[in-house]
Amino acid sequence: MSKIAAPRGMLDILPAESWKWQTVERLAREVSALYHFAEIRTPIFEHTELFHRGVGEASDIVNKEMYTFDDRGGRSITLRPEGTAGVVRAAIDGGLINQEGARAKVFYLGPNFRYERPAAGRYRQHHQFGVEAFGVAEPEQDVECILLQMDFYRRCGVKDLELQVNSLGDRESKQRYRDTLVAFLTPKQAQLSEDSQRRLTTNPLRILDSKDTNDQAAVRGAPPAAESLSDNSHRHFERVQHLLGAAGVTFRVNPNLVRGFDYYTETLWEVTAGGLGAQNAIGGGGRYDNLVEQLGGRPTPGVGFGSGIERLLIALESQGVSLPRPEPKLVWLVSHGDAAREANWKLMAELRAAGIAADMDPSGRSVKSQFKVADREKAAYCVVVGDSELTSDTVVLKRLATAEQSTIPRADLIATLKSD
Ligand code: HAM
């Protein structure tokens, strides 16, 4: 029979890699707890309308990249392309932000699906660690999210990071900026790529971060978003920069940074990391003060970020940084003969019940091959039992790193392993 391949752009996380994922996820949970963000888990698919209303009709993600299908009840369903819209829906649904003045700080870990052209660092299923903070409109909340994100990278050991920030301002500032940009680009329309000619009416801001060289030439000299900011938005962005500086975070203002979602207002940011090649954005975020209302909630400001786990692991790998690996303390039970194997089967249950990781080969292979497997599985110890150990109620405990071994009473095994 022929093999069945994984769908294009989807990666398996095999046992040799999964400890890295666990480590990164543990660090994400730890840093979230320190900043007082609680975990939220939302469905992997949602009603398609959520993303149309949330992410935006004009965005590339909604237009070209969603996995959308009808379920058996004829409802249009979409695999989530990102985390924010679902979290906002759940925060409204779950009553987290329905009271006047409510505040909620949440984090999430999980997969997202985008029908993109697969490339190094770009997959059709990717995983994000993200946070969303609701209820505080002040710049402190933007900066708390950025600090958490940078702290997470520091704990993972990622180097060579650059934080870029920009501001689109409030709704009116953003509209003013859009108009200014359309006025600037309309005379150059013929120079623009086909996509960007369309964007000129649907989503002109996205022309700014187009990868197309013609588009990049056309936007050179475009008025920066900062010139369209209202006084309030200007003050907000100044304060964000001040707070970042005061916290010792280095950043660069990138006036062309717009990011791919319609929901952003005020501050947005992106972090790039060395060693990632063309897909060098390791994480990005921003403020979305109108999104909760747009999705049917009580008007509530929000801000957050999403950070790609695959890209983080690629960056670490190419930077030669290794994550802390928990020392394996696996005990491998080796049996000489059937009676010993039966005794070891029981002993294995006792060890596990005592919180000690244990395993054995129950198939009756030779002692030599049992030792070989123990080695391959990177066991820390072998516990060897044969007829003489059975008669004397002892076991042979062998430390694989040093090959040193001793015979001890079976009753002392757990205490010995625990104190080692
Ligand atoms: P995003 O910039 O689209 O933002 O994605 C966040 C991160 O996810 C990216 O910086 C990248 O590291 C990773 N990522 C995105 N797409 C892919 C892909 N196809 N393959 C591999 N990695 C990918 C958001 O999703 C927003 N929801 C972030 C946010 C939260 N803004 C406010 N709150």
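This text goes with the structure placed above it.
Throughout what follows, the structure given in this document is the object of discussion. All of these numbers come straight from a predicted model, not from anything done at the bench.

Remarks on the nonpolar core
- Among the nonpolar cores identified, the biggest contains 42 residues, and F129, F152, V158, L163, W269, I282 and L312 are the most heavily contacted of them.
- The element that contributes the greatest number of residues to this core is helix α5 (residues 139-156), accounting for eight residues.
- Here L163 is in contact with I146, M150, L244, V249, T250, F251, R252, W269, E270 and V271, once residues within four sequence places are set aside.
- Formed by 41 residues, the second largest nonpolar core is a distinct cluster that contains V106, L181, L200 and F261.

Topic: the sheet that holds strand β1 (residues 38-39)
- The mixed open sheet is built from eight strands, whose spatial order is β1-β5-β6-β11-β10-β9-β7-β8. This sheet does not close on itself; its edge strands, each paired only once, are β1 and β8 (252-253).
- Sheet analysis places strand β10 (residues 281-287) next to strand β11 (residues 302-308), joined by five bridges and oriented antiparallel. In the sheet register, G285 faces β11, and the bridge partner there is F305.
- Relative to the sheet, α5 contacts β5 (104-113), β6 (125-134), β7 (161-167), β9 (265-273), β10 and β11, its axis offset from that of β11 by approximately 15°.
- Running at roughly 110° to β6, helix α11 (residues 309-318) makes contact with β5, β6, β9, β10 and β11 of the sheet.

Some points on the packing of helix α1 (residues 15-34) against α11
- Orientation of α1 relative to α11, taken along the N-to-C sense of each, is 110°, at an axis distance of 11 Å. Compared by their axis directions, α1 and α11 come out roughly perpendicular. Across from K20, W21 and V24 in α1, the residues of α11 making contact are I309, E310, L312, L313 and E317.
- Taken together, the residues of the contact of α1 with α11 sort by class into five nonpolar, no polar and three charged.

What to know about the packing of α1 against α5
- For the pair α1 and α5, the least separation of the axes is 10 Å and the interaxial angle reads 140°. What the angle tells us is that α1 and α5 run oblique. By crossing handedness, the relation of α1 to α5 is classed as right-handed. Residue-level inspection shows V24, L27, A28, V31, S32 and L34 of α1 in contact with α5, the latter providing L148, D151, F152, R155 and C156.
- When its residues are assigned to classes, the contact of α1 with α5 shows eight nonpolar, one polar and two charged.

Topic: the sheet that holds strand β16 (residues 405-409)
- The strand order across the open sheet built from five strands is β13-β12-β14-β15-β16, with neighbouring strands paired in mixed fashion. The outermost strands of the open sheet, each flanked by one partner alone, are β13 (358-360) and β16. Adjacent strand axes in the sheet meet at a mean angle of 30° when their direction is disregarded.
- Both strand β12 (residues 331-335) and β13 contribute to a ladder of three bridges, which runs parallel. Across the sheet, W332 pairs through a bridge with D359, a residue of β13.
- Across the sheet, helix α13 (residues 367-376) is in contact with β12, β14 (381-385) and β15 (394-399); its angle to β12 comes to roughly 175°.

Basis of the calculations
- Residues numbered from 1 in each chain as written.
- Predicted model: local features only at pLDDT ≥ 70, side-chain atom pairs only at ≥ 80, totals over all residues.
- Heavy atoms only, no water.
- Core = buried A, V, L, I, M, F, W, Y, C linked by side-chain atoms within 4.5 Å.
- Buried < 20%, exposed > 50% of the residue type's maximum accessible area, 1.4 Å probe, protein only.
- Helix = DSSP H or I, 4+ residues; strand = E, 2+ residues; numbered from the N terminus.
- Contact = heavy atoms within 4.5 Å.
- Pairing = 2+ DSSP bridges.
- Axes fitted to C-alpha atoms, helices over the stretch in contact; angles between N-to-C directions.
- Parallel < 35°, antiparallel > 145°, perpendicular 65-115°, else oblique.
- Nonpolar A, V, L, I, M, F, W, Y, C, P; charged D, E, K, R; others polar.
- Left-handed = near helix turned anticlockwise from the far one by under 90°.

By themselves, these figures tell us nothing about what the structure is for.
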